[in-house]
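Each chain, written out:
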Amino acid sequence: MSVSEENKRIAIVGGGMAGVTAARRLASAGADVTVLEKSRGLGGRLATRRMDGGYSADHGAQFLAAEKQPFRAFLKRAVHAGSIAEWNVSSDTDGWYIGTPAMNSFLKTEPLGFDLRVSTHVSAVSANTGEVKLTLLDGSTETFDKVIITTPAPQTVAMLNDAHANLAGALAGVEIAPNWTLMLVFSEPLNPGFTFWTKDHGVLGWIARNSSKPGRDFAADSWTVQASADWSTKHLEIEKEQAGEQLFQAFQGLVGFDLPEAIVQTAHRWRYARTTTPLGKPFLSGAHGRIYIAGDWCLGAGVECAFESGLAAASDVLSR
């Protein structure tokens with residue numbers, strides 16, 4: 001399938017897994033694709049924080065796993081290319097993969113095939129029968145033939161505003177939990193008896209040793225501590241220093257002894273982290289086929305859901 005000349009200029013809002021998947025699929029079919037990402041690079045929650053001293057920590061999605069053949073094949077190709085590696089630390093992690101040397105590395109392999117514009121915040125999207133208009137945060141506007149919006153559902157609703165109330169209303173039932181994450185680098189190795197931990201806990205939801213992941217920094221012991229969805233929701237608006245200290249104390253209580261001195265201790269809040277109520281379909285489209293909406297939250301939680309959604313939206317664009 002290929003794109004027609006009158007529908008060739010396509011904008012993708014958001015440079016996470018769904019957006020990049022859609023962009024690559026459309027570009028391979030001959031579309032003139034522009035990805036507009038409000039942060040400084042691709043990845044979204046596929047994120048690795050670079051910290052002072054040359055340390056790093058994965059502070060968003062912790063690993064990738066495939067249940068279906070298309071994503072499994074994608075991961076195998078990326079492993080062969082060297083941008084993804086298996087994370088085998090126990091029998092429990094069989095089939096777990098991580099981006100290397102960072103979680104978003106496999107999204108940035110050259111050639112991209114599309115025009116990437118970072119630090120570009122789209123604030124509104126509207127469409128008529130002939131074109132799509134994107135309004136940027138600075139008030140400037142740009143037009144395209146079609147757009148695929150891949151931002152979290154609440155941000156997408158705000159972007160559509162009153163111009164497309166029917167599309168915005170269809171997203172009303174989607175729920176996405178927040179997440180507070182603490183990144184720690186210790187002055188000496190920590191040996192709590194596990195490399196990763198995830199259980200039903202009042203405060204904590206996930207703990208992992210970044211230093212156990214292939215391609216990560218081994219100069220010091222780096223850990224990621226993520227709060228539970230309930231705790232993150234309850235404490236969404238506290239200061240990040242306060243969130244970090246409470247997660248540090250919960251981690252110390254879990255291991256049962258004083259933690260080593262922290263060279264780095266910094267927290268990050270993901271306002272939209274993990275889908276709890278998905279849309280229930282791979283994508284939405286409207287405005288005479290000019291506006292598409294995709295994202296992991298369409299199908300569930302996880303990177304594979306984002307991959308499937310982005311691919312499905314792009315395939316529908318091509319089928320038209």
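**Side note on the overall build of the protein chain**
Thinking step 1. Each helix and strand counted, the protein chain has 7 helices and 18 strands in total.
Thinking step 2. For a compact globule of 320 residues, the expected C-alpha radius of gyration is about 20 Å, and the protein chain comes in at 20 Å, within 12% of that figure.
Thinking step 3. Viewed in the frame of its principal axes, the protein chain has a C-alpha envelope of about 65 × 40 × 35 Å.
Thinking step 4. Looking at the protein chain residue by residue over its 320 residues, the buried ones come to 53%.
Thinking step 5. Long-range pairs, those at least 24 residues apart, make up 67% of the contacts in the protein chain between residues at least 6 apart in sequence.
Thinking step 6. Counting only carbon and sulfur atoms, one obtains 48% of the accessible surface of the protein chain, whose full area is about 14,100 Å².

**Notes on the pattern of salt bridges**
Thinking step 1. Within the structure shown, the criterion is met by 9 salt bridges.
Thinking step 2. The shortest N-O distance in the salt bridge between Glu142 and Arg117 comes to 2.6 Å. Taken together, the residues span a long stretch of sequence, with Glu142 in strand 10 (residues 141-144) and Arg117 in strand 7 (residues 115-117) at a distance of 25 residues.
Thinking step 3. On the basis of relative accessible area, Glu142 is assigned to the partly exposed category, the value being 22%.
Thinking step 4. Residue Arg117 is classed as partly exposed on the basis of its relative accessible area of 24%.
Thinking step 5. Two residues, Arg209 and Asp221, come together in a salt bridge whose shortest N-O distance is 2.8 Å. Of the two residues, Arg209 sits in strand 14 (residues 204-209) while Asp221 sits in strand 15 (residues 221-227), which places them 12 residues apart along the sequence. There is no split in this pair, since Arg209 and Asp221 are both buried.
Thinking step 6. One salt-bridge network, in which partners are shared between bridges, spans Asp58, Lys213 and Arg216.

**A closer look at unusual backbone geometry**
Thinking step 1. With an omega of 10 degrees, the peptide bond between Thr100 and Pro101 qualifies as cis.
Thinking step 2. Following the sequence through the fold, Pro101 ends up in the loop between strand 6 (97-99) and strand 7.
Thinking step 3. In this model, Glu110 is joined to Pro111 through a cis peptide bond whose omega is -5 degrees.
Thinking step 4. Positionally, Pro111 belongs in the loop between strand 6 and strand 7.

**What to know about the layout of surface pockets**
Thinking step 1. Volume-wise, the second largest pocket comes out at about 290 Å³.
Thinking step 2. Taken together, 15 residues line the second largest pocket, and the ones lying closest to its centre are Arg24, Phe74, Arg77, Phe106 and Thr109.
Thinking step 3. Mapped onto the lining of the second largest pocket, the elements with two or more residues apiece are helix 1 (17-28), helix 2 (69-81) and helix 7 (303-319).
Thinking step 4. Here the residues of the lining of the second largest pocket are counted per class, giving 9 nonpolar, 3 polar and 3 charged.

**Quick word on helix 7**
Thinking step 1. Look at helix 7: 24 Å from first C-alpha to last across 17 residues, which is about the 24 Å you get at 1.5 Å a residue.
Thinking step 2. For helix 7, the full list of buried residues reads Val303, Glu304, Cys305, Ala306, Phe307, Ser309, Gly310, Ala313, Ala314, Val317 and Leu318.
Thinking step 3. Residues of helix 7 that are buried in the fold lie against strand 1 (9-13), helix 1, helix 2, strand 11 (146-149) and strand 18 (291-293).

**Regarding the sheet that holds strand 8 (residues 122-127)**
Thinking step 1. With antiparallel pairing, the 3 strands of this open sheet are ordered in space as 8-9-10. Among the strands making up the open sheet, the edge pair consists of strand 8 and strand 10. Between one strand axis and the next, the sheet turns through 20 degrees on average, direction left out of account.

Conventions used here
- All residue numbers refer to position in the chain's written sequence, counted from 1.
- Local features in a predicted model are, by the rule used here, given only for residues with pLDDT of at least 70; side-chain atom pairs are given and counted only at 80 or more, and totals for whole chains, interfaces and linings are based on all residues.
- Only heavy atoms go into the side-chain values, all of them from the structure, while hydrogens and water stay out.
- Counting from the N terminus, the helices are DSSP H or I runs at least four residues long and the strands are E runs at least two residues long.
- Only the C-alpha atoms count toward the radius of gyration. The rule for a globule is 2.2 Å times the residue count to the power 0.38.
- To sort residues, take the accessible area from a 1.4 Å probe on protein chains only and compare it with the maximum for the residue type: under 20% means buried, over 50% means exposed, and anything in between is partly exposed.
- Should any heavy atoms of two residues lie within 4.5 Å, those residues are counted as being in contact.
- Accessible surface is estimated by sampling points in the Shrake-Rupley manner with a 1.4 Å probe; for residues, cover comes only from the protein chains shown.
- The salt bridge criterion pairs a side-chain nitrogen of Lys or Arg with a carboxyl oxygen of Asp or Glu, the two atoms within 4 Å.
- Both site types are read off a 1 Å grid over the protein atoms alone. A 1.4 Å probe that fits but cannot get out defines a cavity, while an open set with protein on both sides within 12 Å along at least five of seven lines defines a pocket; lining residues have an atom within 4 Å of a point.
- Grid points are joined across faces, edges and corners, and a volume is the space filled by probe spheres set on the points.
- Polarity classes work like this: nonpolar for Ala, Val, Leu, Ile, Met, Phe, Trp, Tyr, Cys and Pro, charged for Asp, Glu, Lys and Arg, and polar for all others, with Gly in that last group.
- Multiplying 1.5 Å by the residue count of a helix minus one yields the expected span of that helix.
- Whether two strands pair depends on DSSP finding at least two bridges between them.
- Think of each axis as a best-fit line through the C-alpha atoms, taken over the contacting stretch in the case of a helix, with angles from 0 to 180 degrees between the N-to-C directions.

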